[in-house]
Amino acid sequence: MVILNNQKNAVQQTFSSSSQNYVKSELHAKGEDLGALVTEISTLKPKSLLDIAVGAGHVSNAVAPYVEEVTAMDLTDEMLTTAEAFITGNGHQNVQFERGDAESLSYESDWFDVSVCRIAAHHFEHPIQFLDSVQRVTKSGGRFYLLDNTAPEIEEYDQFYNEIEKMRDPSHYRAWKKSEWIAMIEQSGLVVEHLERYPKVFQFGDWCGRLNLSKELRQELTERLKDTTVEQKKKFNIDIDESGAVKSFSGESVLIRARKL
């Protein structure tokens with residue numbers, strides 16, 4: 001049973017109205033992080049894989065050829081419907097779709113060979129609960145892959161990045177620093193084996209359009225990105241054209257591989 005709170009309601013509200021946009025999103029459908037994950041899964045060929053917060057289904061779709069059974073789980077019904085249409089439309093019949101809460105996984109202990117969560121954990125209010133739950137349902141010796149946008153280690157830049165993401169998307173809870181993820185993962189009892197970072201470019205039009213933002217909110221975000229220090233503009237590669245429009249800015253994502261000993 002999924003118990004909703006304000007944060008989970010915000011997640012459902014955000015993604016129930018924009019699920020189709022995420023199927024077409026280049027940042028979600030492609031990316032070096034997804035390619036690296038698929039390379040590892042294709043080598044492992046696990047019997048069972050849990051895709052936590054499946055979203056539009058890009059992870060499950062990409063790894064399905066290399067896994068006996070994929071469980072695609074999400075909090076939002078509309079996302080599950082979208083993911084199922086996308087994945088089965090590509091001919092994959094070994095993926096089952098289930099509604100669930102990432103912070104309280106309902107599966108039996110030591111159940112999955114591999115657990116994955118990609119571009120979703122910044123929506124989770126209780127990351128320690130999420131990681132404890134992942135640790136419990138992953139088999140001993142099994143692997144957990146976390147792929148997500150991360151905040152810079154310097155506090156000023158951390159606050160700025162999370163501020164603009166929250167302005168854009170009320171269901172954004174927090175993008176954590178790499179150091180914070182490592183500490184939390186190991187606190188859960190998993191052991192971090194590998195970390196890889198990927199520069200990420202956010203095209204402003206796509207970034208706003210994915211959530212169907214109003215003209216007014218787009219303008220607010222434009223002004224906030226323009227009203228930054230020289231150091232912030234340099235750090236985030238904020239690209240502003242001659243007309244004063246924001247074209248893009250940069251961040252980073254991370255792939256962390258951990259193991260349950």
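Residues numbered from 1 in each chain as written. Predicted model: local features only at pLDDT ≥ 70, side-chain atom pairs only at ≥ 80, totals over all residues. Heavy atoms only, no water.

### A look at the side chain of glutamine 232
For step 1, the next point in the chain: Of note, glutamine 232 is situated in helix α12 (residues 230-235).
For step 2, the next point in the chain: Separated by 3.4 Å, the side chains of glutamine 232 and glutamate 156 make a polar contact.
For step 3, the next point in the chain: Leave out the neighbours within four places in its chain, and glutamine 232 touches Glu156, Tyr157, Phe160 and Ile238. (Helix = DSSP H or I, 4+ residues; strand = E, 2+ residues; numbered from the N terminus. Polar contact = N/O pair within 3.5 Å; in protein donor to acceptor, adjacent residues only side chain to side chain. Contact = heavy atoms within 4.5 Å.)

### Quick word on the packing of helix α8 (residues 155-168) against helix α11 (residues 215-226)
For step 1, the next point in the chain: At a minimum axis distance of 10 Å, the contact between α8 and α11 shows a crossing angle of 170 degrees. The angle between α8 and α11 places the two elements in the roughly antiparallel class. Only Leu217, Glu220, Leu221, Arg224 and Leu225 of α11 make contact with α8, whose side of the interface consists of Phe160, Glu163, Ile164, Met167 and Arg168.
For step 2, the next point in the chain: Of the residues contributing to the contact of α8 with α11, the split by class is 6 nonpolar, no polar and 4 charged. (Axes fitted to C-alpha atoms, helices over the stretch in contact; angles between N-to-C directions. Parallel < 35°, antiparallel > 145°, perpendicular 65-115°, else oblique. Nonpolar A, V, L, I, M, F, W, Y, C, P; charged D, E, K, R; others polar.)

### Points about the pattern of salt bridges
For step 1, the next point in the chain: This model, assessed by the stated rule, comprises 18 salt bridges.
For step 2, the next point in the chain: Between aspartate 33 and arginine 118 there is a salt bridge, and its shortest N-O distance comes to 3.1 Å. Of this pair, aspartate 33 sits in helix α4 (residues 32-44) while arginine 118 sits in strand β4 (residues 112-118), and the two are 85 residues apart along the sequence. The pair aspartate 33 / arginine 118 is uniform in exposure class, with both members buried.
For step 3, the next point in the chain: Between glutamate 163 and arginine 224 there is a salt bridge, with the nearest N and O atoms lying 2.7 Å from each other. With a gap of 61 residues between them, glutamate 163 in helix α8 and arginine 224 in helix α11 connect regions that are remote in the sequence.
For step 4, the next point in the chain: Residues joined in a network through salt bridges with shared partners are Glu40, Arg143, Glu193, Arg257 and Arg259. (Salt bridge = Lys/Arg side-chain N within 4 Å of Asp/Glu carboxyl O. Buried < 20%, exposed > 50% of the residue type's maximum accessible area, 1.4 Å probe, protein only.)

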